[in-house]
Amino acid sequence: MNILLSNDDGYLAPGIRTLAAALRQWQGARQVVVMAPDRNRSAASNALTLSNPLRMQEVEPGVFSVNGTPTDCVHLGINGAIDFQADMVISGINAGANMGDDVLYSGTVAAATEGRFLGKPSLAVSLVGDTYFDTAAHWTLRILQGLDELALEASTILNVNVPDRPLEAIRGIRVTRLGRRHRSEPVVCDRDPRGLPIYWIGPAGAAADDAEGTDFHAVAAGYVSITPLQIDLTHYRLKERMQSWVQML
Ligand code: MN
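Residues numbered from 1 in each chain as written. Predicted model: local features only at pLDDT ≥ 70, side-chain atom pairs only at ≥ 80, totals over all residues. Heavy atoms only, no water.

When a metal carries six donors in an octahedron, the ideal angles between them are 90 or 180 degrees, while four donors in a tetrahedron ideally lie at 109.5 degrees. For the manganese ion, every protein donor is listed as Asp8 (OD), Asp9 (OD), Ser42 (OG) and Asn94 (OD1), and the spread of their distances is 2.1 to 2.3 Å. All donors of the manganese ion come from a single chain, and their spacing in sequence reads D-D-x32-S-x51-N. Highlighted residues: Asp9 in the loop between β1 (2–6) and α1 (14–25) and Ser42 in the loop between β2 (31–37) and β3 (56–60), separated in sequence by 33 residues. (Donors = N, O, S within 2.8 Å, 3.2 Å for Na, K, Ca; no water. Helix = DSSP H or I, 4+ residues; strand = E, 2+ residues; numbered from the N terminus.)

Written out as structure tokens, the structure is:
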């Protein structure tokens, strides 16, 4: 299997370096190419750069840095910028959780999403912290080794969140659904040194739906969380009700 590895924390981030090293040791991987942003692009979501040219630099053999978003990186990696036939896209290991509503903003999940062009499942991996990247790398390999058995349909994204603990402190793995967060903390208003107003997006809200079965619940209980995601955002139930409603318009 040829793996395209990306992230949103940038090609120098410890998470992607740990995972790249682990994948290169894994006998299931034929070739591993890293294609990642040149800097931290967390919360870039699925942005594509259309108004500027992208530049790509091979900073070491098989490691490419791109002055673009995570989605740009994966797009270049699988759509003609390099001579490489990826079989799968893996994104991570992100430093920080991508659970519940996070997946809408996440560049980590977006990089995996862009892998849908391959018609193969993609994997997004996040560590709920920034210490035990080895634990997340270990579980990523375990999941990869089992993927053949799962025979996933095309364009599925597996969103994995790993508690930030030593390997032996992980209690196992749970299949979960996305929970939900409260609205994020208020915007932080301040002044720059010239007295002009500036604004910071506040920190993410706490979990609002962390019931049993959610990603939040599994991770808090010490389990690796794995959530299958799909791209179709259609609200099918409402669509049914709207059929008669549009007749009234
Ligand atoms: Mn990130």
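The topology assignment puts Asn7 in the loop between β1 and α1. For Asn7, a relative accessible area of 1% corresponds to the buried category. A distance of 2.9 Å separates a polar atom in the side chain of Asn7 from the backbone oxygen of Gly10. In contact with Asn7, other than residues within four places in its own chain, are Ala13, Ile16, Ala36, Pro37, Pro70, Ser91 and Gly92. (Buried < 20%, exposed > 50% of the residue type's maximum accessible area, 1.4 Å probe, protein only. Polar contact = N/O pair within 3.5 Å; in protein donor to acceptor, adjacent residues only side chain to side chain. Contact = heavy atoms within 4.5 Å.)

Now for helix α2 (residues 70–78). Given 3.6 residues to a turn, an α-helix orients residues that are three or four positions apart in the same direction. Summarising burial for α2: 8 of the 9 residues are buried, a large majority. For α2, the full list of buried residues reads Pro70, Thr71, Asp72, Cys73, Val74, Leu76, Gly77 and Ile78. Immediately downstream of α2, the backbone of Gly80 shows phi near 110°, a positive value.

The biggest cluster of nonpolar side chains holds 34 residues, and the ones touching the most others in it are Leu5, Leu23, Ile90, Ile93, Leu123, Leu144 and Val160. Counting only elements with at least two residues in this core, the list comes to β1, α1, β2, β5 (88–95), β6 (122–128), α5 (133–150), β7 (157–163) and β13 (223–229). No other element matches α5, which puts 8 residues into this core. With sequence-adjacent residues up to four places away left out, Leu5 is seen in contact with Ile16, Leu19, Ala20, Leu23, Val32, Val33, Val34, Met35, Ile90 and Gly92. Met35, Leu76, Ile82 and Ala86 belong to the second largest nonpolar core, which has 14 residues in total. (Core = buried A, V, L, I, M, F, W, Y, C linked by side-chain atoms within 4.5 Å.)

For the structure on display, the rule yields 0 aromatic pairs. Here Arg116 stacks its cationic end above the ring of Phe117, 5.6 Å away from the centre of that ring. The ring of Trp139 is capped by Arg142, whose NZ or CZ atom sits 4.1 Å from the centre of that ring. (Phe/Tyr/Trp six-rings, centres within 6.5 Å; stacked < 30°, edge-to-face > 60°. Lys NZ or Arg CZ within 6 Å of the ring centre and 35° of its normal.)

A separate point is the pattern of salt bridges. Evaluation of the coordinates by the stated rule reveals 6 salt bridges. Arg17 is the salt-bridge partner of Glu60, the closest N and O atoms lying 3.3 Å from each other. Placement of Glu60 in strand β3 and of Arg17 in helix α1 is noted, with a sequence separation of 43 residues between them. (Salt bridge = Lys/Arg side-chain N within 4 Å of Asp/Glu carboxyl O.)

Turning our eyes to something else, we now look at the packing of α2 against helix α4 (residues 107–114). The relative placement of two packed helices comes down to the angle between their axes together with the axis-to-axis distance. Interaxial distance between α2 and α4 falls to 8 Å at its minimum, and their mutual angle equals 25°. Relative to α4, the element α2 lies roughly parallel. In this structure, α2 crosses over α4, and the sense of that crossing is right-handed. Contacts from Pro70, Thr71, Val74, His75 and Ile78 in α2 reach Gly107, Ala110, Ala111 and Glu114 in α4. Per-class residue counts for the contact of α2 with α4 are 5 nonpolar, 3 polar and 1 charged. (Axes fitted to C-alpha atoms, helices over the stretch in contact; angles between N-to-C directions. Parallel < 35°, antiparallel > 145°, perpendicular 65-115°, else oblique. Left-handed = near helix turned anticlockwise from the far one by under 90°. Nonpolar A, V, L, I, M, F, W, Y, C, P; charged D, E, K, R; others polar.)

Let's shift gears to the sheet that holds strand β8 (residues 172–175). Spatial strand order, β3-β4-β2-β1-β5-β6-β7-β13-β8: 9 strands in an open sheet with mixed pairing. Each having just a single partner strand, β3 and β8 make up the two edges of the open sheet. Direction aside, the axes of adjacent strands within the sheet are offset by 25° on average. Bridge analysis of β6 against β7 gives 7 bridges, and the strand direction is parallel. Across the sheet, residue Leu127 finds its bridge partner in β7, namely Val162. Here α5 sits on the sheet in contact with β5, β6, β7, β8 and β13, set at roughly 160° to β5. (Pairing = 2+ DSSP bridges.)

Mapped onto the secondary structure, Leu152 falls in the loop between α5 and β7. The spacing of Leu152 and Arg180 is 28 residues in sequence and 25 Å in space, taken between C-alpha atoms. When neighbours within four sequence positions are excluded, Leu152 is seen to be in contact with Pro121, Leu147 and Leu158.

Glancing now at the pairing of β6. By the criterion of burial, β6 is predominantly enclosed, with 6 of the 7 residues buried. As judged from the 4 bridges shared by β5 and β6, these two strands associate in the parallel manner. Residue pairing across strands places Ser91 opposite Ala124, the latter belonging to β6.

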